[in-house]
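Geometric and topological summary
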Amino acid sequence: MTRPARLVFATGILAAMAIAVQPGLAHKAITSPYTFNEDVAPILREHCVACHADGTAAPMSLRTHTETVPWAASMLVELVAGHMPPWSVEGDASRFRNVKVLAARDLDVLLTWAAGGTPAGPSAAAPPPAPVPPAWPLGEPDVTLSAPEFTLRADVGQDVQEFRIATGTREDRWLRAVDVRPGDTTIVRSATVAVAQGHDATGPGGVERLLALWVPGDRPVPAEGAAFRLPAGAELVLRVHYRKTWLRERDVVRDRSAVGLYFTPARTEVIRAVTLEPAAAHPGSPGAEVRFGRTLDADMQVLAIYPAPGLHDTTLTVHATRPDGTGETLIAFRPQADWARRYWLSEPVVLPAGTRLDVRASTDAAAALAPPGALPRAPSGAGDIRVTLNVIPVR
Amino acid sequence: MQPDLQPAGRGRRLRPRVATSGRAVPRPSRRPGGTLPARGPLVAFALAATALAVVALVTVRDTAPVAGQPPISMTCPHHPDVIETSPGTCPFCQMALVPVRLDRAWTCLVHPATIAEERGTCPICSRQLVPVTVSLTWRCPGSIEEHLEPGRCADGTAMTLARTVRPHGDHNPRHGGQFFMAADKWHHIEGAVPAEQAFRLYVYDDYSRPLPLEELERVRGRVVAEEDFDPETRTTTDLVAFPLAVGADGTYLEARLDAVVLPAELTAKIRFAPGLDEERFDFTFTKPSLDTSPEATAARAAASETVTPVPPAPAAPEAVVASAPGVETAEPPAVEVSAPPSPIARVSAGTALRPATPTVLTAPEPEAAPAPVPEPDPALLAEPIAETIPGMLDQLRARNAQIGDLLERGDLTAVWFPAFQAKDVAIALESRLEELDPSGREATSAALQRLVRLAWLIDAHGDTGNRRNVTAAYEAFSTTVDEVIADAGGFPP
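Residues numbered from 1 in each chain as written. Chains lettered and ligands numbered in written order. Predicted model: local features only at pLDDT ≥ 70, side-chain atom pairs only at ≥ 80, totals over all residues.

With that out of the way, let us pick up the overall build of chain B. When helices and strands are counted, chain B shows eight helices and 19 strands. When the 493 residues of chain B are sorted by exposure, 42% land in the buried category. Summarising the internal contacts of chain B: among those between residues at least 6 apart in sequence, 64% fall at separations of at least 24. (Helix = DSSP H or I, 4+ residues; strand = E, 2+ residues; numbered from the N terminus. Buried ≥ 20, exposed ≤ 12 C-beta atoms within 10 Å, placed from the backbone. Contact = placed C-beta atoms within 7 Å.)

Once that is clear, we can look at the overall build of chain A. Scanning chain A from N- to C-terminus turns up five helices and 19 strands. The 395 residues of chain A split such that 44% are buried. In chain A, of all internal contacts separated by at least 6 residues, the share reaching a separation of at least 24 is 83%.

Looking now at the domain arrangement of chain A. Split into domains, chain A comes out as domain 1 (3-125), domain 2 (143-263) and domain 3 (272-393). Residue composition of the side of domain 1 of chain A that touches domain 3 of chain A, by class: six nonpolar, five polar and three charged. (Domains from an automatic or database assignment. Nonpolar A, V, L, I, M, F, W, Y, C, P; charged D, E, K, R; others polar.)

Here we take up the sheet that holds strand β18 (residues 356-363) of chain A. Residues and elements named next belong to chain A. With antiparallel pairing, four strands are arranged side by side in an open sheet as β13-β18-β15-β16. Both outer strands of the open sheet, β13 (289-295) and β16 (327-333), are each paired with one neighbouring strand and no more. Ignoring strand direction, the axes of neighbouring strands in this sheet form an average angle of 15°. (Pairing = 2+ DSSP bridges. Axes fitted to C-alpha atoms, helices over the stretch in contact; angles between N-to-C directions.)

This paragraph deals with unusual backbone geometry. Put simply, A:Met84 and A:Pro85 share a cis peptide bond, and its omega is -10°. With respect to the helices and strands, the residue A:Pro85 is situated in the loop between α4 (72-80) and α5 (104-115). Even without being a glycine, A:Thr118 presents a positive backbone phi close to 50°. Topologically, A:Thr118 is positioned in the loop between α5 and β1 (143-146). Given 24 C-beta atoms within 10 Å, A:Thr118 falls into the buried group. In this structure, B:Lys185 takes a positive phi of about 65° despite not being glycine. Locating B:Lys185 in the fold gives a position in the loop between β9 (178-181) and β10 (188-192). Residue class for B:Lys185 comes out partly exposed when judged on the 18 C-beta atoms lying within 10 Å of it.

All names here are of chain B. Secondary-structure assignment places glutamine 395 in helix α5 (residues 389-408). Of the residues examined, glutamine 395 has 22 C-beta atoms within 10 Å and is grouped as buried. Not counting residues within four places of it along the chain, the set of residues in contact with glutamine 395 comprises Ile385, Ala386 and Val425.

Moving on, we get to the sheet that holds strand β19 (residues 387-393) of chain A. Residue and element names in this part refer to chain A. With respect to topology, five strands assemble into an open sheet ordered β6-β12-β19-β14-β17, the strand pairing being antiparallel. Two strands lie at the open edges of the sheet, namely β6 (206-207) and β17 (343-351), each paired on one side alone. Relative to β17, strand β14 (residues 300-307) runs antiparallel, the two sharing five bridges. The partner of isoleucine 305 across the bridge, within β17, is tyrosine 343.

What follows is about the nonpolar core. Counting 192 residues, the largest nonpolar core has A:Leu110, B:Val415, B:Leu451, B:Ala455, B:Ile458 and B:Phe477 as its most contacted members. Ranked by residue count, the leading element in this core is helix α7 (residues 438-464) of chain B, at twelve residues. For A:Leu110, the contacting residues outside a window of four places in its chain are A:Val40, A:Ile43, A:Met75 and A:Leu79. B:Cys76, B:Ile83, B:Leu97 and B:Tyr207 belong to the second largest nonpolar core, which has six residues in total. (Core = buried A, V, L, I, M, F, W, Y, C linked by C-beta atoms within 7 Å.)

When two helices pack together, their arrangement is captured by the angle between the axes and the distance separating the axes. Residue and element names in this part refer to chain B. Relative orientation of the contacting elements α7 and helix α8 (residues 467-487) amounts to 160°, with a least axis distance of 9 Å. On the basis of their axis angle, the class for α7 and α8 is roughly antiparallel. Handedness of the crossing formed by α7 with α8: left-handed. Tallied by class, the residues present in the contact of α7 with α8 amount to 15 nonpolar, six polar and three charged. (Parallel < 35°, antiparallel > 145°, perpendicular 65-115°, else oblique. Left-handed = near helix turned anticlockwise from the far one by under 90°.)

Here we take up α4(A). The buried fraction of α4(A) is high, at nine of nine residues. What α4(A) keeps buried is the set A:Ala72, A:Ala73, A:Ser74, A:Met75, A:Leu76, A:Val77, A:Glu78, A:Leu79 and A:Val80. In this structure, the buried residues of α4(A) make contact with α3 (65-68) and α5 of chain A together with α7 of chain B.

Further remarks concern the pairing of strand β12 (residues 272-276) of chain A. Residues and elements named next belong to chain A. Across the two faces of β12 the burial differs, with Arg272, Val274 and Leu276 buried and Ala273 and Thr275 not buried at all. As judged from the two bridges shared by β6 and β12, these two strands associate in the antiparallel manner. When the bridges of β12 are listed, glycine 206 appears paired with alanine 273.

Let's shift gears to the packing of α4(A) against α5(A). Residues and elements named next belong to chain A. At a closest axis distance of 8 Å, the pairing of α4 and α5 adopts a crossing angle of 140°. Regarding the angle of α4 to α5, the classification is oblique. Viewed along their axes, α4 and α5 form a crossing whose handedness is left-handed. Taking contact as the criterion, the partners of Ala72, Met75, Leu76, Leu79 and Val80 in α4 are, on α5, Leu107, Leu110, Leu111, Ala114 and Ala115. Residue classes in the contact of α4 with α5 are distributed as ten nonpolar, no polar and no charged.

Given a rise of 1.5 Å per residue, 15 residues ought to cover 21 Å, and the 21 Å separating the end C-alpha atoms of helix α6 (residues 416-430) of chain B matches this to within 8%. By the criterion of burial, α6(B) is predominantly enclosed, with 13 of the 15 residues buried. (Expected span 1.5 Å × (residues − 1).)

The next thing to look at is the pairing of strand β4 (residues 98-107) of chain B. All names here are of chain B. Taking burial as the measure, the ten residues of β4 include seven buried ones, the bulk of the element. Pairing of strand β2 (residues 72-75) with β4, which is carried by four bridges, proceeds in the antiparallel orientation. If you follow serine 73 over to β4, its bridge partner there is valine 100. Inspection of the sheet shows β4 paired to strand β6 (residues 130-139) by six bridges, in the antiparallel sense. The residue of β6 that forms the bridge with leucine 102 is serine 135. Pairing of β4 with strand β5 (residues 115-116) involves two bridges; the strand directions are antiparallel.

This part is about the confidence of the model for chain B. Residue and element names in this part refer to chain B. Across chain B, pLDDT averages 73, with 71% of residues at or above 70. Ranking the elements of chain B by mean pLDDT puts helix α4 (residues 318-322) last with 27 and α6 first with 96. Note on residues 1-63: pLDDT is under 50 here. Beyond four places in sequence and across chains, it has 123 contacts. With pLDDT under 50 throughout, residues 307-360 is counted as low confidence; its partners more than four residues away or in other chains account for 99 contacts. At the level of chain-chain contacts, confidence expressed as ipTM amounts to 0.84, with global pTM at 0.77. (pLDDT = per-residue confidence, 0-100.)

Residues and elements named next belong to chain B. Mapped onto the fold, histidine 168 is located in the loop between β8 (160-165) and β9. C-alpha separation for the pair histidine 168 and proline 80, spaced 88 residues apart in sequence, amounts to 8.6 Å. Setting aside anything within four residues of it in sequence, one finds histidine 168 in contact with Lys185 and Asp206.

Here's what the structure looks like:
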């Protein structure tokens, strides 16, 4: 199908959606005891509509029954595949501060409703509309730095752009948080903010340059008892992944995203990066397992952990074994491409010098762990196998 | 428009199986065992409600053929997979049949609002569109009244055509075999091992109507008796395979096997049309397939009235039978299977399938005295959720074992039942989390959520008959059950 034809077709789809959801015309069997207004809408309101609303990166709104019904089959697949909500950590969610998980019952309600005929229920039972999320969830930043305007041409579906932004600081500053505000929320799919090279080299034990990993719907987590260092006169690199949804496939879209800096008033411990990656290239074959690690040469507190952006369908387990033989799993997760975020530990984990950090990474049998109909978001095992721990020294 | 959606001959029953007495044959449960209490009644009731609502809106002005449109069929408001060519009553509920104009369209598996006349890709996600059965109605702006033929509205404008996806048909075997659904949810297959050492594959559409011959001839596949799987590379090599070819009467694919020794595990690897991915369907046969279709039933009845010497089927390899001392072997077929000589390629492999505890396949004995009713399989019985937490954990443990047993038996279409029972226990357990020691509460909560997701995943994979996918989902499920039980150690007794 040609692009103009697809556009016409897509327009037709929108019209068809409006028709298809007329009351009384649904031909699917109603087997769900749960209705949208009574049971489903409150869950969507709590967990989903911050992103799944008009004018967001998600190409569908899930605010009302009419809007949600056409996406029920898609919801079913995405939920069973574990793609949504985009929280990759397995196990105890309370270990982390920026949690996005559904309760077991809530998940079952959504799936049962989506598979069971998508009944509407009494409109009087519908919860009030969710408030519009603020542009800056942490409040107005201390400094807002705008990137240059970028135009995504009509014939380009996705692109990655890097913008260098001068901070103009005359002395070293300490940041408790860095956030990104998309100029056009419908095309900014993910973004990172880093201190440009030349100010501090990042390496084992080096100062962390990656200040933010931004994904839609994520609320930045302010560092506690530690901060990112912003060297005097530093430049920031804002790297943005743009991707159009089918709704804007043929549009010319302009974006002018901004970076928000939140300073911490007092000088504090600088967050450092401990990177773990295998010596050899990833074998790539599904099911293959890679083990690698390193030993800490100083006492550290682990504050946060993040995967290499782009890593996909690879299950990673980071285990720490202290010199006294005690150990704990710091994180077990299965990152998804485009959903790389920094996982902040609720309680820092103290690891003495001599602690062995071991990473076990295995590429999944992705097809088996997703239901029929699920599309891979990226090639299985795509991306570099790399895990970074954000640490501060133990004083 | 696809003429194959219409009945092949006027008055021919496409779906319901009707006994010679004219009474409807009770429909087997969608799920095996016949004891599953789950979806059947609820689905039927709900389906009836929605279908009635829809039918009430349809105005029939003329059921005569409309140029360029598929003909009118008659369907049951309660049982939409009953499709007839002439008015009558539903063989299941005796309701009067109502008219519907059926067509084939193309839709997206996950974006069903996409309905196209031709194959193509989804404008939303670029998936390949898959075929689906739709009903055609025409409407006027602002009206919910549906018409079965095009026409003009009161304001003189032409009515708008609407294609509405019909409910999916059931998954009941028609020929006593095992029934699976392809990934496109349009193709359905039934594998059967009748008595003459053949594997038959019936290929249906989404209403279990046999594919027309021209489409069946495009299906390529083989049945694999032995294969080697390399977990390192995750590649599979066929060791013993038999090609499938169109059977003599053009309604199924068939592979001739030299010997079928039960229980047998056979994998059909099928490409439904050129350009589509090959799909695998894992069958396990513990007994010969008793074809309950009206044609087979009539053929058996006719055969039983004719005293004709019946040549025995080729003997199974002696070594196989002799290798299992103490195992009862059946007599040679007492009833000739009505299949005429088949043009299929004969593959001489001489391979006995699964020699463990073999029973040589023979014709079933449909006329034999009724066997005692077997004990219901506890895996397929619902039970109330335990009131105590240890009781719930015991139930999780038991359901987990039952899924493993069903998987071991190759009963892939039944694994959903204990999985969903376990899922309900997990949700009940979640509501008791506050009783757990706080240190283990969150870990248990995460595991319970994962358990629910994996139960749904087991259900999804079970329908499509891929044992490896079900096994992978089950392994994750089983590990999670162990986590829940371990984490729940903090629950008070």
